[in-house]
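Chain residues, written in single-letter form:
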Protein chains: 2
Amino acid sequence: MLKEIVLVEGAGFCFGVKRAIDIAFDVARKHKDGVFTFGPIIHNPQVIEKLKDLGVHPIEDFHEKNIKTLIIRAHGIPKEKFEEIKQFGIEVIDATCPFVKKAQNLAAKLASEGYQVLIIGDREHPEVKGIFSYAGENAFVVSSDEIPILNKKIGIIQQTTQPISKVKEIVNKIIKSHNEFEEIRIFNTLCNFTSRRLEATQKVAKEVDVMIVVGGKNSANTTQLANLCKALGVKTYHIEDAQEIDRDMFEYAKKIGVTAGASAPQWIIDEVIDKIKSLQIKEEQGHAE
Amino acid sequence: MLKEIVLVEGAGFCFGVKRAIDIAFDVARKHKDGVFTFGPIIHNPQVIEKLKDLGVHPIEDFHEKNIKTLIIRAHGIPKEKFEEIKQFGIEVIDATCPFVKKAQNLAAKLASEGYQVLIIGDREHPEVKGIFSYAGENAFVVSSDEIPILNKKIGIIQQTTQPISKVKEIVNKIIKSHNEFEEIRIFNTLCNFTSRRLEATQKVAKEVDVMIVVGGKNSANTTQLANLCKALGVKTYHIEDAQEIDRDMFEYAKKIGVTAGASAPQWIIDEVIDKIKSLQIKEEQGHAE
């Protein structure tokens, strides 16, 4: 009997990543030279190679080269960097994800209205560094433990890919630790696509025997998907491509789930599914022999 | 050995009640006739009798008598009633507590800005009925169980005398039950005096053997004080005046705490303390005999 493979709806590229890649290819076609992306446009080597073929290279420092046009990737960048680039006379093409832009704008709005801004997220993540730069003097990034309260008016926003459960947990802690607040204002800056992918992955993980999570090992949202599956008690493999698929992964499994992070292109997901199917066919043939 | 008596700081009349009584006596002195209070100005018969001596009577229906001036008590009244009274050509003296006024104003502000307003409190309390009238179409009063969410923008305010612990509990429930919120905005409309009195009462209750809680049996904030003390495991008596003090209450007690709700005047608190002291003196004399 063939094993059943269930692909999670919304697995792979999210809206913001798709949009940033489209913008990059569009700019590449229109400009002959001097186009760069500020950091890799996406954590995916194949996409970056394709852009290089069109003359678009990722750079880490915009002072170095003769840059005419610089594309800002989906994560966004800190305010100061943005302004510095503009002062350099470089044309900026902003491919910051609209969800991230919303979080940056709300951070700025809250700071200008006198709120202490708390950002729920990972302080090392580039997206959070960008949002933080808009959040004013008293801003803090909070992940779990320490929540410094300096102001009676607290504004709370989130890294777009945080799970809602985490947001609830931390908001609850803030309210608990903060007796004398005047106002607590929580804006939901979570990305719908991320939360839907998490929910859909959770649903599939509950009904399968093995979960295959596709995406960069350094991709935070992919790691989050893998951790979610593990927490649900299902056997979980976080892989970057079809090469890593191995027959032993599916021993005794009747139903296999596949999900993928926001930086996994469709062709890699397709290859993974084809590989699983091919293993089974070989297995069936083996039995038939 | 004499028993030690500890009086809770801030016991008795709160700022809003003191202010309303001052306003009522002031109006009584300035106006010769036609002055009424809309409902009893305070849940305390002695104060009401004194005002009656000055010609100021409480009424329940402003249509009935030849009313020239009507004093609104600290709890406030619903918006519609306020407007109706004004249309009657009656002079309105608004002694609504500034903390309650703030909650009414924030309810109106949130409603006008498109938030669904949730009021944490007791829906039968006159203060809450007043605040509710300003809170727009989708408003709800929530106490514990049912929290109806109709809108993606939620504004939360509180009856001024709710304990902060209750607010935290309910905000937590709202966040937990409400996945797809756009914004949750919590204004702290708690009365400082009430929360300080609760805190101070809690502190004393933890170090005494018996707590005497003075205030009207129908006073919500006094009942809250009594419940707090009981919850802390201390022997607690909720009394309205010194008459109810009884020697049996203090058997084996070395340290006695006294607190009082917002409608308990200072003279009643003094009488209670004098009564406890006199019992002890009698007891000492008894021992000496």
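Check the entry above for the structure.
Keep in mind that what you see is a predicted model, and the values were worked out from it rather than measured.

Taken together, the contacts link 16 residues of chain B with 17 residues of chain A. Together chain B and chain A conceal approximately 1800 Å² of surface at their shared face, both sides included; 52% is due to carbon and sulfur atoms. Area buried by chain B at its contact with chain A is led by K168, F181 and I186 of chain B, which between them contribute 30% of it. Applying the counting rule to chain B against chain A returns 2 salt bridges. In this structure, E183 of chain A engages R185 of chain B in a salt bridge whose closest nitrogen and oxygen atoms are separated by 2.6 Å. At the boundary of chain B with chain A, the tally comes to 10 residue pairs in polar contact (both at pLDDT 80 or more). Counting only elements with at least two residues in the side of chain B that touches chain A, the list comes to helix 6 (164–177) and strand 9 (183–187) of chain B. Residue contributions to the side of chain B that touches chain A peak at 6 residues, all from helix 6 of chain B.

Turning to the packing of helix 4 (residues 98–112) of chain A against helix 5 (residues 126–133) of chain A, a few remarks are in order. Residue and element names in this part refer to chain A. It is the contact of helix 4 with helix 5, at a shortest axis distance of 8 Å, that shows an interaxial angle of 30°. On the basis of their axis angle, the class for helix 4 and helix 5 is roughly parallel. You can see that helix 4 and helix 5 cross each other, and the crossing is right-handed. Contacts from V100, A103, Q104 and A107 in helix 4 reach E127, G130 and I131 in helix 5.

All chains considered together, the criterion is met by 10 aromatic pairs over all chains. When the centroid spacing of 5.8 Å and the interplanar angle of 70° are considered together, the rings of F38 of chain A and F62 of chain A count as edge-to-face. Residue F38 of chain A is found in strand 2 (residues 35–38), and its partner F62 of chain A is found in the loop between strand 3 (57–59) and strand 4 (69–72); the two are separated by 24 residues along the sequence. Residue F38 of chain A shares its accessibility class with F62 of chain A, and that shared class is buried. Here F15 of chain B and F193 of chain B contribute two aromatic rings whose centre-to-centre distance is 5.5 Å and whose plane-to-plane angle is 10°, an arrangement assigned as stacked. Linking F15 of chain B in helix 1 (residues 15–30) with F193 of chain B in helix 7 (residues 192–205), this pair joins segments that are 178 residues apart in sequence. Classification of F193 of chain B by relative accessible area gives partly exposed; the value is 33%. In this arrangement the basic side chain of R196 of chain A is found over the ring face of F193 of chain A, its NZ or CZ atom lying 5.9 Å from the centre.

By a simple turn and slide, chain B fits onto chain A: the slide is 0.0 Å along the axis, the RMSD is 0.0 Å, and the turn is 180°. Interpreted geometrically, this transformation is the action of a two-fold axis. Looking at the rotation axis and the C-alpha trace of chain B, the residue lying nearest is R185 of chain B, at 2.1 Å. Both copies share a contact surface, since 100% of the interface residues of chain B are interface residues in chain A too.

A few words now on helix 7 (residues 192–205) of chain A. Residues and elements named next belong to chain A. Here helix 7 is 14 residues long and its end C-alpha atoms lie 20 Å apart, about the 20 Å a rise of 1.5 Å per residue gives. T194, R197, L198, A200, T201, V204 and A205 are the residues of helix 7 that are buried. Those residues of helix 7 that are buried are in contact with strand 1 (4–7), strand 10 (210–214), helix 8 (220–231) and strand 12 (255–260).

Across the sheet, which stays open at both edges, the 8 strands sit in the order 7(A)-6(A)-8(A)-9(A)-9(B)-8(B)-6(B)-7(B) with mixed pairing between neighbours. Because the sheet does not close on itself, it has two edges, and the strands there are strand 7 (140–142) of chain A together with strand 7 (140–142) of chain B. Averaged over all neighbouring strand pairs, the angle between strand axes comes to 20°, with direction disregarded. In terms of strand pairing, strand 6 (residues 116–120) of chain A meets strand 7 of chain A through 3 bridges, oriented parallel. Its bridge partner being in strand 7 of chain A, L118 of chain A is matched across the sheet by F140 of chain A. Of the strands in this sheet, strand 6, strand 7, strand 8 (153–158) and strand 9 (183–187) of chain A together with strand 9 of chain B touch helix 6 (residues 164–177) of chain A, which is tilted by about 145° from strand 6 of chain A. On top of the sheet, helix 6 of chain B reaches strand 9 of chain A together with strand 6 (116–120), strand 7, strand 8 (153–158) and strand 9 of chain B; it is set at about 145° to strand 6 of chain B, its chief contact.

With that out of the way, let us pick up the pattern of salt bridges. Within this structure, the stated rule accounts for 22 salt bridges over all chains. In this structure, the salt-bridge partner of K68 of chain B is D33 of chain B, at a minimum N-O distance of 3.2 Å. Of this pair, K68 of chain B sits in the loop between strand 3 (57–59) and strand 4 (69–72) while D33 of chain B sits in the loop between helix 1 and strand 2 (35–38), and the two are 35 residues apart along the sequence. Across the pair K109 of chain B and E113 of chain B runs a salt bridge, and its minimum N-O distance is 3.2 Å. K109 of chain B gets classed as partly exposed once you look at its relative accessible area, which sits at 32%. A single salt-bridge network, built from bridges that share partners, covers K109, E113 and R185 of chain A together with E183 of chain B.

Procedures and definitions
Residues numbered from 1 in each chain as written. Chains lettered and ligands numbered in written order. Predicted model: local features only at pLDDT ≥ 70, side-chain atom pairs only at ≥ 80, totals over all residues. Heavy atoms only, no water. Contact = heavy atoms within 4.5 Å. Buried area = accessible area lost by both parts, 1.4 Å probe. Salt bridge = Lys/Arg side-chain N within 4 Å of Asp/Glu carboxyl O. Polar contact = N/O pair within 3.5 Å; in protein donor to acceptor, adjacent residues only side chain to side chain. Helix = DSSP H or I, 4+ residues; strand = E, 2+ residues; numbered from the N terminus. Axes fitted to C-alpha atoms, helices over the stretch in contact; angles between N-to-C directions. Parallel < 35°, antiparallel > 145°, perpendicular 65-115°, else oblique. Left-handed = near helix turned anticlockwise from the far one by under 90°. Phe/Tyr/Trp six-rings, centres within 6.5 Å; stacked < 30°, edge-to-face > 60°. Buried < 20%, exposed > 50% of the residue type's maximum accessible area, 1.4 Å probe, protein only. Lys NZ or Arg CZ within 6 Å of the ring centre and 35° of its normal. Least-squares fit on C-alpha atoms with pLDDT ≥ 70 in both. Expected span 1.5 Å × (residues − 1). Pairing = 2+ DSSP bridges.

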